[in-house]
Amino acid sequence: MGKSLISRRPAFRRGAATGSIARTTESPLNELGWKPFFQQQLSLDELTDCDPVRVMAVHRSQIDVAGDAGEEPVLVTGPVFEDALEKPAVADWLLLARDSRKPLRRLDRSSLFKRMAPGAKQAQLIAANIDNVLIVSSCNHDFNLSRVERYLAMVKEAGCRACLVLTKADMSDDHAQYREALKTYRDLHVVLVNALDSPGMRELGLADVTAGLSATFSDIEALATRCRFGDCAHDSEPGCAVQAAIELGELDERRLRNWRKLEREVARNNKTLAQSRGEERAFTQLVHDALRHSRARNNKT
C-alpha cells in the first residue's frame, strides 16, 4: 500500500470537533477503518485525553496521519519510534495527546505485512491492519505460480484474505489454462480484469512467515506426515509419500521445488534477523552500561 494508493481517500475537514471517541457511522474515524478491535484497547484516561489517528504515509523524519481533526504531520521522535519493528507503518493506529499532538503509543495491530528488503539485515514494514489483499498477476508469460505462492505465504502469515487478480484478460483467449493452474487453491478467489498495472515492489523477501508458508503448502506438509522416516528430505528416500504423490500426478514437482526454495529463504532470513536483533540488543546494553558508569562517576565527584 503506497502513498499513491491511499491518496484517493476522502478529504477530512481540519479543525473538526474532537469530543468523545465513541463515534457514529458517519465519523471520519469509521471511514478510516476504526473498529471495536482498536476501541477496546483504550483506557478511560485515553478516551478523555487522546485522539486516535491512522498513519497514511511514512517519511524519513515524519509521518502523515488522519483522524477526526483532519490530516496532520507528526514528527518521528520519542519512544514510539525507537524499535525498528515497533515503528509505525502505513495504516497503523496511533494515539496522540490531544493538547501537544505528540504520539503516546501505537495500538496493537490486527495484521502486519513486512518483507526482507534487498541487501538489508532487518525486516522492513510494509503496512498494518489490512483485512483483504489483492495479488495481481497478468494473463501472459509473466504469470508465475511460484511467485503467487510467495505472496500467498505472506498473506496467510498476516491472517488476511487473499484475492488473485489476473489482469490483461483481453490479451489472452485461453483463460482456462490459468484456472487449471490454480485449481489446487480452492479457497483462493480469482478475478479476471483488464486494467492498467501500477509500479509494485521489485523484490519480496520472506521472513517470519513460518505459519504462512505452512498454510500455503499444507498439502505437502500433510503428505510428509505419511513418510516412512520422520526426517525424510522428500528426495529419494524409500517410503516417501511426497515423491509417491508426484509419481501418481497428485502433486506438481514444481510445487515441491518452490516449497523447498521458500523454506531455505525463510530460514536464511530468520537467521539474519536473529543476528541483527542480537547485535542491536548488545549495542543497546553497551550504551546503557556506559551511561550508568558515567552517572556513577558524576555522583562520586
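Residues numbered from 1 in each chain as written. Predicted model: local features only at pLDDT ≥ 70, side-chain atom pairs only at ≥ 80, totals over all residues. Heavy atoms only, no water.

**Student:** Would you explain the overall build of the chain in this entry?
**Tutor:** Looking only at helices and strands, the chain features 10 helices and 10 strands. Buried positions account for 40% of the 301 residues belonging to the chain. Across the chain, every contact between residues at least 6 apart in sequence was considered, and the portion connecting residues at least 24 apart equals 66%. Accessible surface computed for the chain: about 17,900 Å², of which carbon and sulfur atoms make up 51%. (Helix = DSSP H or I, 4+ residues; strand = E, 2+ residues; numbered from the N terminus. Buried < 20%, exposed > 50% of the residue type's maximum accessible area, 1.4 Å probe, protein only. Contact = heavy atoms within 4.5 Å. Areas by Shrake-Rupley, 256 points an atom, 1.4 Å probe, with all protein chains shown as cover.)

**Student:** What is the right way to look at the nonpolar core in this model?
**Tutor:** As a rule of thumb, soluble globular proteins bury nonpolar side chains together. Within the largest apolar cluster, 43 residues are counted, with the highest numbers of intra-cluster contacts made by Phe113, Leu164, Leu166, Leu182 and Val242. Elements supplying a minimum of two residues to this core: strand S7 (123-128), strand S8 (132-138), helix H5 (145-158), strand S9 (161-167), helix H8 (218-224), helix H9 (241-247) and helix H10 (253-300). Tallying contributions element by element places H5 first for this core, with 7 residues. Leu32, Leu42, Ala66 and Leu107 belong to the second-largest nonpolar core, a separate cluster that totals 11 residues. (Core = buried A, V, L, I, M, F, W, Y, C linked by side-chain atoms within 4.5 Å.)

**Student:** Quick question: what am I supposed to make of the environment of glycine 159 here?
**Tutor:** Checked against the element boundaries, glycine 159 lands in the loop between H5 and S9. For glycine 159, a relative accessible area of 65% corresponds to the exposed category.

**Student:** Help me understand the side chain of glutamate 46, please; the structure alone is not making it clear to me.
**Tutor:** Structurally, the position occupied by glutamate 46 is in helix H4 (residues 44-49). At 3.0 Å, the side chain of glutamate 46 forms a polar contact with the backbone nitrogen of serine 43. (Polar contact = N/O pair within 3.5 Å; in protein donor to acceptor, adjacent residues only side chain to side chain.)

**Student:** Any chance you could explain the environment of glycine 205 here in plain terms?
**Tutor:** By the secondary structure assignment, glycine 205 is in the loop between strand S10 (189-192) and helix H7 (210-216). Along the chain, glycine 205 and arginine 150 lie 55 residues apart, while their C-alpha atoms are 8.9 Å from each other. Dropping the residues within four chain positions of it, glycine 205 is found in contact with Arg115, Met116, Arg150, Met154, Glu265 and Asn269.

**Student:** Honestly, the pairing of strand S4 (residues 93-97) in this entry has me stumped. Any pointers?
**Tutor:** Looking down a regular strand, the side chains alternate between one sheet face and the other. Among the 5 residues in S4, 5 count as buried, and that is most of the element. Of the two faces of S4, the one lined by Trp93, Leu95 and Ala97 and the one lined by Leu94 and Leu96 are each fully buried. Across 5 bridges, strand S1 (residues 50-58) lies against S4 in antiparallel orientation. Each bridged residue has a counterpart across the sheet, and for aspartate 51 the counterpart in S4 is leucine 96. Where S4 meets strand S5 (residues 103-106), 3 bridges bridge the pair, whose relative direction is antiparallel. Paired with leucine 96 across the strands is proline 103, a residue of S5. In sequence, S4 turns back onto S5 through a hairpin of 5 residues, with arginine 101 there showing a positive phi of about 65°. (Pairing = 2+ DSSP bridges.)

**Student:** Before we go on, may I ask you to explain the pattern of salt bridges in this structure?
**Tutor:** Where charged atoms from two side chains of opposite charge approach closely, those side chains can pair. According to the stated counting rule, one finds 14 salt bridges in the structure shown. Here lysine 183 makes a salt bridge to glutamate 180, at a shortest N to O gap of 2.8 Å. Classification of lysine 183 as exposed rests on a relative accessible area of 53%. When its relative accessible area of 47% is taken as the criterion, glutamate 180 is described as partly exposed. (Salt bridge = Lys/Arg side-chain N within 4 Å of Asp/Glu carboxyl O.)

**Student:** Please explain the confidence of the model for the chain as it appears in this structure.
**Tutor:** Detailed reading of the predicted coordinates is not advisable wherever pLDDT is low. Averaged over all residues, the pLDDT of the chain equals 80, while 81% of them reach at least 70. Note that pLDDT drops below 50 for residues 1-25; the model gives that stretch 48 contacts with residues more than four away or on any other chain. (pLDDT = per-residue confidence, 0-100.)

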